[in-house]
Amino acid sequence: RPLRAMDWQVLTRELSLYLESQVRVGFFGSGVGLSLVLGFGVAYACYYLNSIAKKPQLVASNDRFCRFLEEYCPVVTETYYPTIWCWEGRVQTLLRPFITSRPQVQYRNELIKTADGGQISLDWFDNDDSSYYPDASTRPTVLLLPGLTGTSKESYILHMIHQSETLGYRCVVFNNRGIAGEELLTPRTYCAANTEDLEAVIHHVHSLHPSAPFMAAGVSMGGMLLLNYLGKTGRDTPLMAAAIFSAGWNVFESVESLEKPLNWLLFNYYLTTCLQSSINRHRQMLEKLFDLDLVMKARTVREFDKQFTSVMFGYRSIDDYYEDASPCRKLKSVGIPVLCLNSVDDVFSPAHAIPVETAKQNANVALVLTSCGGHIGFLEGIWPRKCTYMDRVFKQFVQAVFEHGNKIFSM
């Protein structure tokens with residue numbers, strides 16, 4: 001017969017008494033623990049939705065540029081939902097290399113010579129199977145610039161290439177001298193301020209495909225280098241536009257932030273050892289001009305730059321180098337459309353150092369500032385393995401430029 005309400009109450013009570021007699025009822029079994037967990041979950045969800053998940057701040061003085069982004073790159077106006085269990089900036093920064101997948105990319109390597117006798121390694125993804133752009137001479141090309149010690153093998157670079165492949169575009173990765181396996185032919189590496197190698201690469205790529213639409217994207221130090229190049233050249237560049245991700249806008253503020261105890265432990269010391277390792281491989285070439293034993297004693301990026309980078313490029317002091325390397329000082333001279341993505345919780349580029357007011361004075365510049373994301377993090381989704389917010393911004397903006405760019409080039 002159907003159970004009545006009284007029968008259910010009796011059955012539930014009897015079952016509860018039986019379970020209590022058979023199993024030791026712990027914290028969660030008492031019901032109090034479950035209530036606390038549920039309450040915490042609801043409170044956390046409310047906090048996340050109210051304080052963590054937010055629309056990015058779009059900073060741009062040009063109304064046409066804003067409308068262009070809203071229509072063709074709508075991701076910059078949508079709410080960014082960071083991964084709910086690792087939204088904090090440092091955690092996002094640390095986890096991205098381990099969590100995100102590494103798409104398979106087959107490169108074609110090319111070594112080009114420089115005016116001073118050195119060589120630069122370029123890794124090409126030609127995308128010859130592109131059905132959208134079967135003619136290689138007019139296939140859109142994206143030049144990618146990795147971070148401080150990064151190469152074409154970095155996961156964020158591989159994801160950019162994967163996004164470009166789906167759109168039919170060609171990519172070429174600019175590996176800084178001496179870090180992608182090639183030998184140094186001269187006692188010179190690279191820095192964020194000196195744009196000579198980048199200028200040579202841009203000229204070379206453009207000369208190979210002069211009829212192909214051409215733009216660039218830089219990440220971290222690669223973004224700083226690209227901004228410094230654009231600030232120097234203005235409109236006199238074959239690039240149509242550029243995308244910048246997690247750039248350090250003011251090097252003085254960046255190194256100061258990285259020298260705080262926790263940030264030094266998590267990031268600064270590791271980066272310093274990576275830089276030391278990259279030049280130690282070329283010790284035979286570099287020790288002719290530099291005291292590498294002294295360089296190897298550096299424990300911060302600032303000490304490394306003081307003993308090595310600033311000396312190599314002829315700066316009178318570390319301050320002179322950092323002033324020249326800071327893109328915030330050149331932003332007003334950028335002459336082509338540039339979209340810059342930063343997170344305000346990025347310890348590599350503190351929020352107070354982001355040149356918001358300067359950006360408002362240049363109609364070619366748009367800043368997209370998220371509340372979370374860390375440094376080259378921007379993880380989203382429960383298990384953020386395949387695609388990040390940064391990847392989506394890259395894909396939409398590159399596609400917008402190549403397919404609808406005529407609507408902003410008349411700015």
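Identification of the protein as Phospholipase ABHD3 from Brachypodius melanocephalos is taken from an unreviewed UniProt entry. Among the UniProt annotations of the protein, the heading Sequence similarities (unreviewed entry) holds the following wording: "Belongs to the AB hydrolase superfamily. AB hydrolase 4 family." Under the heading Subcellular location (unreviewed entry), UniProt records this for the protein: "Membrane".

Most of strand β5 (residues 170–175) is tucked away: six of the six residues are buried. Taking every second residue as pointing to the same face, both faces of β5 are buried, with R170, V172 and F174 on one and C171, V173 and N175 on the other. For strand β3 (residues 119–125) and β5, the ladder comprises five bridges, and the chain directions are antiparallel. If you follow W124 over to β5, its bridge partner there is V172. Where strand β4 (residues 141–145) lies against β5, four bridges are found, and the strand directions are parallel.

Along the chain, D305 falls in helix α12 (residues 301–312). In this structure D305 comes out as buried when scored by relative accessible area, which is 9%. For D305 and L275, which are 30 residues apart along the polypeptide, the C-alpha to C-alpha distance reads 9.8 Å. Those residues within four positions of D305 in sequence are excluded, and the remaining contacts are S310, V311, I318, Y321 and Y322. Among the polar contacts listed, one links the side chain of D305 to the side chain of Y322, at a separation of 2.7 Å.

Now for the side chain of S257. When you line up the elements, S257 lands in helix α8 (residues 251–258). Judged by relative accessible area, which is 10%, S257 ranks as buried. Dropping the residues within four chain positions of it, S257 is found in contact with N263, V347 and P350.

By the definition in use, this model includes 14 aromatic pairs. With a centroid separation of 4.8 Å and an interplanar angle of 75 degrees, the aromatic rings of Y169 and F402 are classed as edge-to-face. Linking Y169 in the loop between α5 (155–167) and β5 with F402 in helix α15 (residues 389–404), this pair joins segments that are 233 residues apart in sequence. A single burial state applies to Y169 and to F402, both of which are buried. Ring centres of F267 and F348 lie 5.4 Å apart, and the angle between their planes is 65 degrees; this geometry places the pair in the edge-to-face category. Placement of the pair is F267 in helix α9 (residues 261–280) and F348 in the loop between β8 (338–343) and α14 (356–360), with a sequence separation of 81 residues. For F267, a relative accessible area of 5% translates into the label buried.

Take the sheet that holds strand β9 (residues 365–370) next. Read across the sheet, nine strands follow the order β1-β9-β8-β7-β6-β4-β5-β3-β2 without closing on themselves; strand pairing throughout is mixed. With partners counted over all chains shown, the strands left at the sheet margins are β1 (57–59) and β2 (108–113), one partner each. Strand-to-strand twist across the sheet, computed as the mean angle between neighbouring axes with direction ignored, equals 20 degrees. One ladder, built from five bridges, connects β4 with strand β6 (residues 214–219); its direction is parallel.

Frequently, the measure chosen for interface size is the accessible area that the parts lose on association. Segmentation of the protein into domains returns domain 1 (52–249 + 330–409) and domain 2 (251–325). One C-alpha centre belongs to domain 1, the other to domain 2; they are set 24 Å apart. Between domain 1 and domain 2, the residue contacts involve 32 residues of the former and 27 residues of the latter. For the pair domain 1 and domain 2, the two sides together bury roughly 2400 Å², of which 67% comes from carbon and sulfur. Looking at the side of domain 1 facing domain 2, the largest losses of area belong to R90, P187 and F348, adding up to 23% of the total buried there. In this structure, E183 engages R281 in a salt bridge whose closest nitrogen and oxygen atoms are separated by 3.6 Å. Counting the contacts that link domain 1 with domain 2 gives ten residue pairs in polar contact (both at pLDDT 80 or more). Looking at the side of domain 1 that touches domain 2, the elements that each hand over two or more residues are α4 (89–99) and α7 (221–233). Looking at the side of domain 1 that touches domain 2 element by element, the count peaks at three residues for α4.

What counts as what
- Residues numbered from 1 in each chain as written.
- Predicted model: local features only at pLDDT ≥ 70, side-chain atom pairs only at ≥ 80, totals over all residues.
- Heavy atoms only, no water.
- UniProt positions renumbered as here; feature names shortened; annotations may be inferred.
- Buried < 20%, exposed > 50% of the residue type's maximum accessible area, 1.4 Å probe, protein only.
- Helix = DSSP H or I, 4+ residues; strand = E, 2+ residues; numbered from the N terminus.
- Pairing = 2+ DSSP bridges.
- Contact = heavy atoms within 4.5 Å.
- Polar contact = N/O pair within 3.5 Å; in protein donor to acceptor, adjacent residues only side chain to side chain.
- Phe/Tyr/Trp six-rings, centres within 6.5 Å; stacked < 30°, edge-to-face > 60°.
- Axes fitted to C-alpha atoms, helices over the stretch in contact; angles between N-to-C directions.
- Domains from an automatic or database assignment.
- Buried area = accessible area lost by both parts, 1.4 Å probe.
- Salt bridge = Lys/Arg side-chain N within 4 Å of Asp/Glu carboxyl O.

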